[in-house]
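Results of the structural survey
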Amino acid sequence: MTLLAIESSCDETSASVLTDGHIRSNIIAAQLIHERYGGVVPELASRAHQQHIVLVVEQALAEAKVAKTDLSAIAFTRGPGLLGSLLVGASFAKAFALGLNIPLIEVNHMQAHVLAHFIKDTPEQNVPEFPFLCLTVSGGHTQLVRVDGPLDMHVIGQTQDDAVGEAFDKSAKLLGLPYPGGPLIDKYAKLGNPMAYPFPLTDMPDLDFSFSGIKTAIMYFLRDNTRRNSTFVADNLNDICASIQHTLIQMLLKKLTKAVRETGIRQIAIAGGVSANSGLRNSLLALGAEHGWQVFIPKFEYCTDNAAMIAMAGYVKFQQNEFVGQDVSPLPRMEL
């Protein structure tokens with residue numbers, strides 16, 4: 001079984017080819033145009049997808065040494081994401097599947113992030129066993145997910161306002177760092193003291209998160225200190241980034257620890273773009289070693305948006321004959 005997968009939920013156009021559960025290619029075209037605006041502009045994103053998608057698919061097929069007539073099915077991201085971006089990927093997938101007379105598979109973007117853990121680059125690579133807990137963290141989502149099976153996932157906690165990835169990027173913008181700022185905070189944090197500036201930890205009921213308050217606290221902190229010293233940010237950038245990152249990570253891991261205590265599940269995974277953050281990865285590994293958890297962290301290329309994870313989710317659905325018709329349409333607010 002050979003499957004082509006397409007991912008176009010935000011600002012990466014990606015295509016991947018999978019054969020019998022093994023990834024043979026994973027091509028990603030980033031959209032650099034958003035850097036000048038300090039964030040993703042939806043209209044520009046959808047236009048860039050239109051420009052990239054044919055070339056990305058051609059390259060994925062070529063790298064995998066697969067002809068389009070060899071394909072068994074087409075998988076695509078149905079949601080959640082930006083409507084214009086999703087429309088480009090869905091329209092291409094529907095047309096391609098119709099032209100080849102092969103099945104069409106819809107994929108939930110957040111479900112695919114979780115299933116990225118089952119992409120095995122080597123036969124001996126360990127993968128989580130069911131059930132496990134997955135902390136899914138990105139620019140648009142922050143969720144604690146109980147995973148009881150490949151397609152049996154339940155959100156047990158999530159942000160009630162902003163996502164942690166947005167908190168990273170907005171904090172970076174307040175510091176005058178270019179977009180995307182989250183990776184830059186991670187870079188400077190490695191050189192700073194995480195305890196230099198204490199920020200308040202927001203605590204929500206049960207297993208839910210909130211990150212709007214920490215963004216406001218950082219804004220007022222920077223405003224007050226730059227009034228006293230106009231070069232405060234430049235003079236203390238490393239310590240500020242380390243303190244912001246430490247606070248956000250502690251908010252995540254506090255809820256994760258509570259989830260482990262309440263469920264008794266000790267197999268822990270992280271997924272999503274923020275799971276590429278080195279501070280989060282190292283902190284989770286340390287916490288796992290302290291409590292005896294088995295921790296699973298995806299490779300960097302499978303953390304951010306990519307079509308390989310869509311292919312893996314599509315493969316699972318193909319095995320269960322979960323196909324959709326040509327009347328399928330994108331769902332920007334698609335729930336897990």
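Residues numbered from 1 in each chain as written. Predicted model: local features only at pLDDT ≥ 70, side-chain atom pairs only at ≥ 80, totals over all residues. Heavy atoms only, no water.

For the protein, the count of helices and strands is nine helices and 10 strands. Compactness check: the protein gives a C-alpha radius of gyration of 20 Å against a globular reference of 20 Å for 336 residues, within 12% of the reference. Looking at the 336 residues of the protein, the share that counts as buried comes to 53%. Put simply, 72% of the contacts in the protein that link residues at least 6 apart link residues at least 24 apart. (Helix = DSSP H or I, 4+ residues; strand = E, 2+ residues; numbered from the N terminus. Rg over C-alpha atoms; globule rule 2.2 N^0.38 Å. Buried < 20%, exposed > 50% of the residue type's maximum accessible area, 1.4 Å probe, protein only. Contact = heavy atoms within 4.5 Å.)

Another point: the sheet that holds strand β4 (residues 73–79). Pairing is mixed in the open sheet, where five strands are placed in the order β3-β2-β1-β4-β5. Strands at the two margins of the open sheet, each flanked by one partner only, are β3 (22–30) and β5 (104–108). Strand-to-strand, the axes of this sheet are offset by a mean angle of 20°, without reference to chain direction. By the bridge criterion, five bridges tie β4 to β5 in an arrangement that is parallel. What sits directly across from G79, in β5, is N108. Each of β1 (2–7), β4 and β5 is contacted by helix α2 (residues 83–100), which is oriented at about 160° to β4, the strand it contacts most. Across the sheet, helix α9 (residues 307–319) is in contact with β1, β2 (12–19), β3, β4 and β5; its angle to β1 comes to roughly 130°. (Pairing = 2+ DSSP bridges. Axes fitted to C-alpha atoms, helices over the stretch in contact; angles between N-to-C directions.)

Here we come to a nonpolar patch on the surface. Together, L174, M219 and Y220 make up a nonpolar patch on the protein surface, roughly 270 Å² of accessible area in all. With respect to the helices, strands and loops of the structure, Y220 is situated in helix α6 (residues 212–228). (Patch = residues over 30% accessible without salt bridge, like charges linked within 9 Å, V, L, I, M, F, W, Y side chains within 5 Å. Areas by Shrake-Rupley, 256 points an atom, 1.4 Å probe, with all protein chains shown as cover. Salt bridge = Lys/Arg side-chain N within 4 Å of Asp/Glu carboxyl O.)

Further remarks concern the sheet that holds strand β9 (residues 267–271). In space, the five strands of this open sheet follow the order β8-β7-β6-β9-β10, with mixed pairing throughout. Strand pairing shows two members of the sheet lacking a second neighbour, β8 (152–158) and β10 (294–296), which therefore form its edges. Going from strand to strand, the sheet's axes swing by 25° on average, the running direction of each strand aside. Pairing of strand β6 (residues 132–137) with β9 involves four bridges; the strand directions are parallel. Following the sheet pairing, T136 is matched in β9 by A271.

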